[in-house]
Amino acid sequence: MNEDCIQKAAQMILEASQVVALTGAGISVESGIPDFRSPGGLWTRYDPLLYGSYESFLSHPERFWEMAKELNPTLENAYPNAAHYALAELEELGKCKAVITQNIDDLHQRAGSSLVLELHGTHRTGHCMICHRLFTLDEMHELSHNNEIVPRHLEDGGAIKPDVVLFGEPLSALMLSKSAELAASSDLMLIIGCSLEVYPAAGLPAYTKRRNGKLIIFNIVPTYDEDEADLVCYGNAGEVLPQVVEGYKRLVGII
Ligand code: NAD
């Protein structure tokens, strides 16, 4: 791991007046939740258009639920890792205004981050596709027990769709505008474990750049937008981020 990079990142956090984090599936890989795009990931085994699109859910909800049944136990058994805790600590230190996440796994909240914008929704709740009644995770589990792969609302038979944003489904306009506002008002964005391939999330760093803000990319491999970044730190987020936060604490004399 590059010590110089960690020191530079800590210094940039010190100098910034508002820091925001943008996180993707990579930050949760060390919690045991694989990302989808890396070799062997979910999208290499399930065609996203057949299994993960909104259009396909409308006609074949069982395809989505077949994939979800493979992923759900992993989501439910996962715990926040050192990277999630590092961001929560940065917030506590007054140095992370918010976390904008593409993840649906709830791990930032469980680590203690208080302002988390879930761009792609959450797996904790779902809605009936007919009457829009809200269902909790436990209720969805209960309804999918009787050999039925798709949990259905008992009253009207509607398929229940988790509140995760599928391909071809619009993001919440409110969530997106709040995220864009945060990106535009921040002078430093920490981009952690994002391939920067999924829009509109991948467009958010440009808001920070446009107001002459800086970007730090944390990833294990190069990403598309690296030329735009002011600093790139390679390494597992769970190892690098705690060191950056330690570096920041040393700079301000807390340790
Ligand atoms: P993505 O576009 O966010 O890409 C993941 C990135 O993380 C890759 O660039 C990879 O190189 C990097 N990475 C992997 N391990 C890392 C580590 N230990 N430290 C730092 N970086 C690391 O995500 P995707 O896999 O293309 O998934 C697409 C969408 O699917 C996500 O945006 C999300 O909505 C959903 N998803 C959510 C979860 C979750 O909630 N944990 C997991 C998988 C997918």
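The structure displayed is predicted, hence computed values, not measured ones.

Trainee: An account of the site of the ligand is needed here, citing residue identities and associated values.
Mentor: Around the ligand, the structure places 26 residues, and the nearest of them are F36, R37, Q102, H120 and S195. Within the backbone of G193, an N or O atom sits 3.1 Å from an oxygen atom of the ligand. For the shell around the ligand, the per-class residue count stands at 11 nonpolar, 11 polar and 4 charged. Domain assignment of the residues forming the shell around the ligand places at least three in each of domain 1 (1–33 + 80–120 + 171–255) and domain 2 (35–77 + 122–164).

Trainee: An account of unusual backbone geometry is needed here, citing residue identities and associated values.
Mentor: Residues Y199 and P200 are joined by a peptide bond in cis, for which omega reads 5°. Its location among the elements puts P200 in the loop between β7 (188–192) and α10 (204–210). In the Ramachandran plot, H132 falls in the positive-phi region, its phi being about 70° despite a non-glycine side chain. Summarising the element assignment, H132 is placed in the loop between β4 (121–128) and β5 (134–136). Of the residues examined, H132 reaches a relative accessible area of 56% and is grouped as exposed. Phi is positive for L196, close to 55°, though the residue is something other than glycine. Examined against the element boundaries, L196 turns out to sit in the loop between β7 and α10.

Trainee: Break down the domain arrangement of the protein for me, citing the residues and quoting the values.
Mentor: Along its sequence, the protein is carved into domain 1 (1–33 + 80–120 + 171–255) and domain 2 (35–77 + 122–164). Opposite the 13 residues of domain 1 that make contact, domain 2 presents 9 residues. Counting each side, the surface lost to burial between domain 1 and domain 2 is near 990 Å², with a carbon and sulfur contribution of 57%. On the surface where domain 1 and domain 2 come into contact, there are 2 salt bridges. On the surface where domain 1 and domain 2 come into contact, there are 3 residue pairs in polar contact (both at pLDDT 80 or more). Of the residues belonging to the side of domain 1 that touches domain 2, the class tally is 5 nonpolar, 4 polar and 4 charged.

Trainee: Hey, could you go over the pattern of salt bridges for me, with residue numbers and the actual values?
Mentor: Using the criterion set out here, one finds 9 salt bridges in the structure. Residue D4 is joined to K8 by a salt bridge in which the shortest nitrogen-to-oxygen separation is 3.3 Å. Linking D4 with K8, this pair stays in helix α1 (residues 3–15), spanning 4 residues, or about one helical turn. Residue class for D4 comes out partly exposed when judged on its relative accessible area of 45%. When salt bridges that share partners are traced, they join E89, E246 and K249 into one network.

Trainee: Describe the sheet that holds strand β1 (residues 19–23), and please don't skip the residues or the numbers.
Mentor: Ordered in space as β3-β2-β1-β7-β8-β9, the 6 strands form an open sheet in which the pairing is parallel. The open sheet is flanked by β3 (116–118) and β9 (231–234), the only strands paired with a single partner. Shown here is a sheet whose adjacent strand axes are inclined to one another by a mean of 15°, direction ignored. This element, α1, spans β1, β7, β8 (214–219) and β9 of the sheet and lies at about 130° to β9. Of the strands in this sheet, β1, β2 (98–101), β3 and β7 touch helix α9 (residues 173–185), which is tilted by about 135° from β3.

Trainee: Describe in detail the side chain of E118, supporting the description with residues and values.
Mentor: If you trace the backbone, E118 turns up in strand β3. In this structure, E118 is in contact with T101, Q109, R124 and M175, ignoring residues within four places of it in sequence.

Trainee: Can you lay out the packing of aromatic side chains for me, pointing to particular residues and giving the numbers?
Mentor: Enumeration over the complete set of coordinates arrives at 5 aromatic pairs. An aromatic cluster of at least three residues, connected via ring pairs, comprises F36, W43 and F167. Positioned over the ring face of F135 is R133, at 4.2 Å from the centre of the ring. The lysine or arginine in question, R210, covers the ring of Y207, its NZ or CZ lying 5.2 Å from the ring centre.

About the cut-offs
Note on numbering: residues in each chain are counted from 1, in written sequence order. Confidence filtering applies because this is a predicted model: local features only for residues at pLDDT of at least 70, side-chain atom pairs given and counted only at 80 or more, and all residues used for totals across whole chains, interfaces and linings. Side-chain figures throughout are based on the complete set of non-hydrogen atoms in the structure, without hydrogens or water. In this text, near means that some heavy atom of the residue lies within 4 Å of the molecule or strand in question. As used in this structure description, the phrase polar contact means that two N or O atoms lie within 3.5 Å; if the pair is within protein, one of them must be able to donate a hydrogen and the other to accept it, and residues adjacent in sequence are counted only when both atoms belong to side chains. All amino acids are sorted into three groups, where Ala, Val, Leu, Ile, Met, Phe, Trp, Tyr, Cys and Pro are nonpolar, Asp, Glu, Lys and Arg are charged, and the leftover types, Gly among them, are polar. The source of the domain bounds is an automatic or database domain assignment. What counts as a helix is a DSSP run of H or I of at least four residues, what counts as a strand is a run of E of at least two, and both are numbered from the N terminus. Exposure classes here rest on a 1.4 Å probe applied to the protein chains alone. A residue is buried below 20% of its type maximum, exposed above 50%, and partly exposed in between. Residues count as neighbours in contact if any of their non-hydrogen atoms are within 4.5 Å of one another. Accessible area that two parts lose when put together, with a 1.4 Å probe and added across both, is what the buried area reports. Should a side-chain nitrogen of Lys or Arg be within 4 Å of a carboxyl oxygen of Asp or Glu, the pair is scored as a salt bridge. In short, DSSP must find at least two bridges between two strands for them to pair. A fitted line through C-alpha atoms represents every axis, and for helices the fit uses only the stretch in contact; the resulting angles, taken between N-to-C directions, go from 0 to 180 degrees. Pairing of aromatic side chains here covers Phe, Tyr and the six-membered ring of Trp, requires ring centres within 6.5 Å, and sorts the geometry by plane angle: under 30 degrees stacked, over 60 edge-to-face, intermediate tilted. Criterion for a charge above a ring: Arg CZ or Lys NZ at most 6 Å from the ring centre, at most 35 degrees from the ring normal.

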